[in-house]
Amino acid sequence: MTNRIKSSNTLLTFDANEVTNIKLVWDIEELKNKDNKEHIKDEIEGENEEEEEEEEEEYGGPISFHPSFSHQIFNEDKVQGYEPCKIDIYMGAGSLTPYIDTNYTLQSKNLTNVEGEFLKVFSKQDPPISKQSFYKYIEEKEKLFKPIGKKIHEYSITDKDSGKETEYEIYFGRITDQAVFRYHEKLQIFVLWYIDGSSYIWTDDPNWDIFFIFEKRIIDGEKRYGITGYSTIYNFYHHPEQTRARISQYLILPPYQRMGHGKYLFNSIYQYYKTNDGFYGPIYDITIEDPADEFNLLRNYVDLKNIMDEKLFDNVILDLNANNKPVFEEIRKKLLIPYKQSKLCLEIYLYSKFLGTPNSDTKYKEYRISIKKRLYKQNIGDSEQIEKIKQQVAEENEENLRLEQEELQELQDIKNKKNGTNIKVAIKSKELITPEEPEKSKEEIEKDRLEEILELYKELEENYHKTLSSLNLNSK
């Protein structure tokens, strides 16, 4: 347990993800329970940190979890300094009022100024407060927190093991609402911790919409709320007077993952935009910005289920090369699913029809070839187009060389005229700069490309199986 080890004069490097604990606090009793337990544990050595976190929640302490991508705050996920290294980030479960409990402060002699680095990324309007102020806030004001924005949906999830039912509510807000703006400024730190390569959105732009999920609890007879997840959506203009909504960030906090919240949030976004205008007018469709693999699985499940629930594939031609544009257009209008995503959903739907079919089946073979062609074009490109680009580069290099030689000859002519001579100096031709030819033959290169496509197709099949399993369509 890192923060219990006695101080050392040896400079050490710590994994920032492992030593950072994020703790969401609902009420003062959780903090009191934590303090009582820590008082007892101070006399116990060698305790496992993971076991301690589990016990902390069991005895009524705050929910605790680690970040995944601290490298966006600390270089290479590393914190350098001396034992003990303590980094506990406490936040009000709903208000997100923060308190940083660390011995790597602005005044410490450690190489990594943990407190200083966190102050750069936490809210400027609502920066971290002192321990005394935090305890007082949790005791007196956390219970007063109410969700931000307008409530658009509510649902409940029942724990499979305990049978306990928990209620959740989803809220919508626009960044132009100052309450939404201010709350988002406190919330966005989680994006750095859990979405690799992410950055803060430009909140001065009025085109941002935000959807929040809050858990609802009854504590001492009063409703309390805690953040569960959220998504940011940007409104793009679509001719003539429509809006194309693009999901930018989508996050369910770790304690709430693998519980089904993703589908509820996604469907709430769809339902809201079906009946409410975006920044420029009615929503044309909803797209995704650079989705991760996990999000693609969620999206494929939600979209295909909605399509099937609406029976919009009932009249589709079961052929990837057929003209199904009228069906895809109907899906876009009714469900706001883009054309490209509808076609991908059709791929998954068709795959369910081929489960158990021999590979030698003509239709199944055509299906596989069609997808592999798409993967080739999407990941490698059109072979003919690649050759054209190479030829264009070679021609440009040749033209540049010709112009360079003409300039050199003109300079030589000036020198000859100045010296009163008529000497012609031959300019040695430079070797044409052409794209480097690979050591492998074209046949070997193409073989490598095809092997890459086969691997991608295997991954695709695995993902399609997962989607069909979620929809109970893989029983054939």
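Refer to the structure above for everything that follows.
Residues numbered from 1 in each chain as written. Predicted model: local features only at pLDDT ≥ 70, side-chain atom pairs only at ≥ 80, totals over all residues. Heavy atoms only, no water.

1. Structural notes on the overall build of the protein chain
- For the protein chain, the count of helices and strands is 14 helices and 12 strands.
- Nonlocal contacts in the protein chain, meaning residues at least 24 apart in sequence, comprise 70% of its contacts between residues at least 6 apart.
- In the structure as shown, the protein chain presents an accessible area of about 27,100 Å², 47% of it carried by carbon and sulfur atoms. (Helix = DSSP H or I, 4+ residues; strand = E, 2+ residues; numbered from the N terminus. Contact = heavy atoms within 4.5 Å. Areas by Shrake-Rupley, 256 points an atom, 1.4 Å probe, with all protein chains shown as cover.)

2. Examining the packing of aromatic side chains
- One pass over the structure, following the stated rule, counts 38 aromatic pairs.
- Where Phe122 meets Trp193, the ring centres are 6.4 Å apart and the plane angle is 75 degrees; that geometry is what we call edge-to-face. In this pair, Phe122 sits in the loop between helix H4 (114-121) and helix H5 (131-140) while Trp193 sits in helix H7 (residues 189-194), placing the two residues 71 residues apart along the sequence. In terms of burial, Phe122 and Trp193 fall into one category: buried.
- Between the aromatic rings of Phe279 and Tyr280, the centroid separation amounts to 5.0 Å while the plane-to-plane angle is 80 degrees, which identifies the pairing as edge-to-face.
- Taken together, Phe74, Phe118, Phe122, Phe190 and Trp193 form an aromatic cluster joined through their ring pairs. (Phe/Tyr/Trp six-rings, centres within 6.5 Å; stacked < 30°, edge-to-face > 60°. Buried < 20%, exposed > 50% of the residue type's maximum accessible area, 1.4 Å probe, protein only.)

3. Describing the pattern of salt bridges
- In the structure shown here, the tally under the stated rule is 20 salt bridges.
- Two residues, Asp101 and Lys86, come together in a salt bridge whose shortest N-O distance is 3.0 Å. On the criterion of sequence distance, the pair formed by Asp101 in strand S6 (residues 98-102) and Lys86 in the loop between strand S4 (78-81) and strand S5 (87-92) is long-range, its members being 15 residues apart.
- With a shortest N-O distance of 2.9 Å, Lys216 and Glu167 are connected by a salt bridge. Taken together, the residues Lys216 in strand S9 (residues 208-219) and Glu167 in strand S8 (residues 165-174) connect sequence positions 49 residues apart.
- Exposure remark for Lys216: the relative accessible area of 16% places this residue in the buried category. (Salt bridge = Lys/Arg side-chain N within 4 Å of Asp/Glu carboxyl O.)

4. Let's talk about the sheet that holds S9
- If you walk across this open sheet you meet the 6 strands as S7-S8-S9-S10-S11-S12, and the pairing is mixed. Since the sheet does not close on itself, it has two edges, and those belong to strand S7 (150-158) and strand S12 (283-288), each with one partner. Put simply, the sheet's adjacent strands are angled 25 degrees from each other on average, direction ignored.
- Against the sheet, helix H9 (residues 293-309) engages strand S11 (242-252) and S12, with an angle of about 140 degrees to S12. (Pairing = 2+ DSSP bridges. Axes fitted to C-alpha atoms, helices over the stretch in contact; angles between N-to-C directions.)

5. Considerations on the packing of helix H11 (residues 339-353) against helix H12 (residues 362-379)
- At their nearest, the axes of H11 and H12 sit 11 Å apart, and the two run at 150 degrees to each other. As judged from the angle between their axes, H11 and H12 are roughly antiparallel. Crossing handedness for the pair H11 and H12: left-handed. Along its contact with H11, which presents Glu347, Ile348, Leu350 and Tyr351, the element H12 presents Tyr364, Tyr367, Ile371 and Arg374.
- When grouped by side-chain class, the residues that make up the contact of H11 with H12 number 6 nonpolar, no polar and 2 charged. (Parallel < 35°, antiparallel > 145°, perpendicular 65-115°, else oblique. Left-handed = near helix turned anticlockwise from the far one by under 90°. Nonpolar A, V, L, I, M, F, W, Y, C, P; charged D, E, K, R; others polar.)

6. As for the nonpolar core
- Core analysis: the biggest nonpolar cluster contains 107 residues, and Phe118, Phe190, Trp193, Phe212, Tyr273, Phe313 and Tyr367 have the highest contact counts within it.
- When residues of this core are assigned to their parent elements, the largest contribution, 7 residues, is made by S9.
- Those residues in contact with Tyr273, other than ones at most four positions away along the chain, are Phe172, Asp209, Phe211, Ile233, Asn235, Ala245, Ile283, Ile286 and Leu336.
- With 8 residues, the next largest nonpolar core counts Ile28, Phe134, Tyr135 and Ile138 among its residues. (Core = buried A, V, L, I, M, F, W, Y, C linked by side-chain atoms within 4.5 Å.)

7. A look at the sheet that holds strand S2 (residues 20-25)
- Here we have 4 strands laid out as an open sheet, ordered S3-S2-S5-S6, and mixed in their pairing. Each edge of the sheet is formed by a strand with only one pairing partner; in this case those strands are strand S3 (63-65) and S6. In this sheet, neighbouring strand axes are inclined to one another by 20 degrees on average, regardless of whether the strands run parallel or antiparallel.
- Sheet topology places S2 next to S3; 3 bridges connect them, and they run antiparallel. Pairing of Lys23 across the sheet is with Ser64, part of S3.
- The strands that H5 touches are S2, S5 and S6; relative to S5, the one it contacts most, it runs at about 30 degrees.

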